[in-house]
Amino acid sequence: MFSHRPLWGFGLGTFPTVYPSYRTFYTNLFVNEAHNDYAQVLVETGLLGFGLMLWFLISLYRHGLPTSRRWEFKWDGALSLAALLGCTGILFHSFVDFNMQIPANAALFYVLCALAASELSPQSSRSRRRRTAEPEETGQLSRGAN
C-alpha cells in the first residue's frame, strides 16, 4: 500500500476502505485498523505525515528528558520521568496493536506528553526570570557608576 502512494498516503481514516484491495488472503472479517499504529500512519499519511509524527516524538523526548533528569531532587522531574515512561509504554504498545485509534488511549498519551514536556515547578520559572534579568541590571549599574 505504501509503495503506491509513498509521499501523501491515502488519507486519514481510509485504511478500512483501501486495505481490502491490497489484502493477500481471503477473509469475510472486517479489518478496521492495522495492528501497528506506525504502519497505519505511514499508509494513511505517507512520508510527510510519518515525518511529522517522528518530529513530534523527537521533540517530546528532547524537552522531557532534561526535566526528568532531576527526578531525585524536584517533584516536576519525577512527574516528567513518570509521564515519559507512560508515553514510552504506549509507544511500544503501538507496535503490536491499534492503541492510538482508541480515543481514551490517545487522550491519555497526549496528556502524558504535555506533562512530560512541560516545566511545572513555579520556582524554576521564577528563578529563570531572575537569572535572565540579573545580567542586564548589573550591566546597567556598572555603566552608571562609571
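Let me sum up the structure you'll find in this document.

Reading guide: rules and limits
Residues numbered from 1 in each chain as written. Predicted model: local features only at pLDDT ≥ 70, side-chain atom pairs only at ≥ 80, totals over all residues. Heavy atoms only, no water. Helix = DSSP H or I, 4+ residues; strand = E, 2+ residues; numbered from the N terminus. Buried < 20%, exposed > 50% of the residue type's maximum accessible area, 1.4 Å probe, protein only. Contact = heavy atoms within 4.5 Å. Expected span 1.5 Å × (residues − 1). Arc of directions from axis to C-beta. 1 Å grid on protein atoms, 1.4 Å probe; cavity = no way out; pocket = protein on both sides within 12 Å on 5 of 7 lines; lining within 4 Å. Points joined across faces, edges and corners; volume = space filled by probe spheres on them. Nonpolar A, V, L, I, M, F, W, Y, C, P; charged D, E, K, R; others polar.

Let's talk about the overall build of the protein
- In terms of regular secondary structure, the protein is built from five helices and zero strands.
- Across the protein, helices and strands are ordered from the amino to the carboxyl terminus as α-α-α-α-α.
- For the protein, with 146 residues in total, the buried portion stands at 29%.
- Sequence separation of at least 24 residues holds for 59% of the intrachain contacts in the protein that already meet a minimum separation of 6.

Observations regarding helix α4 (residues 103–117)
- With 15 residues, α4 should reach 21 Å at 1.5 Å per residue; the first-to-last C-alpha distance of 21 Å fits that figure.
- Looking only at α4, the buried set comprises Ala 106, Phe 109, Leu 112, Cys 113 and Ala 116. Relative to the axis of α4, the buried residues are bounded by an arc of 125° and lie together on one face. Exposed side of α4, more than 90 degrees from the buried face: Pro 103 and Ala 104 are the residues found there.
- Buried-residue contacts for α4 involve α2 (37–68) and α3 (75–93).

A look at the side chain of Thr 67
- Mapping Thr 67 onto the fold places it in helix α2.
- On the basis of relative accessible area, Thr 67 is assigned to the buried category, the value being 5%.
- Among all residues touching Thr 67, those that are not within four sequence positions of it are Asp 76, Gly 77, Ser 80 and Ser 118.

Regarding the environment of Arg 62
- Along the chain, Arg 62 turns up in helix α2.
- Assessed through its relative accessible area of 58%, Arg 62 is described here as exposed.

With respect to the layout of surface pockets
- One number sums up the size of the largest pocket: a volume of about 450 Å³.
- Listing elements by their share of the lining of the largest pocket, those giving two or more residues are α2 and α4.
- Of the residues forming the lining of the largest pocket, the biggest block, eleven residues, is contributed by α2.
- Here the lining of the largest pocket is built from residues that sort into twelve nonpolar, six polar and two charged.

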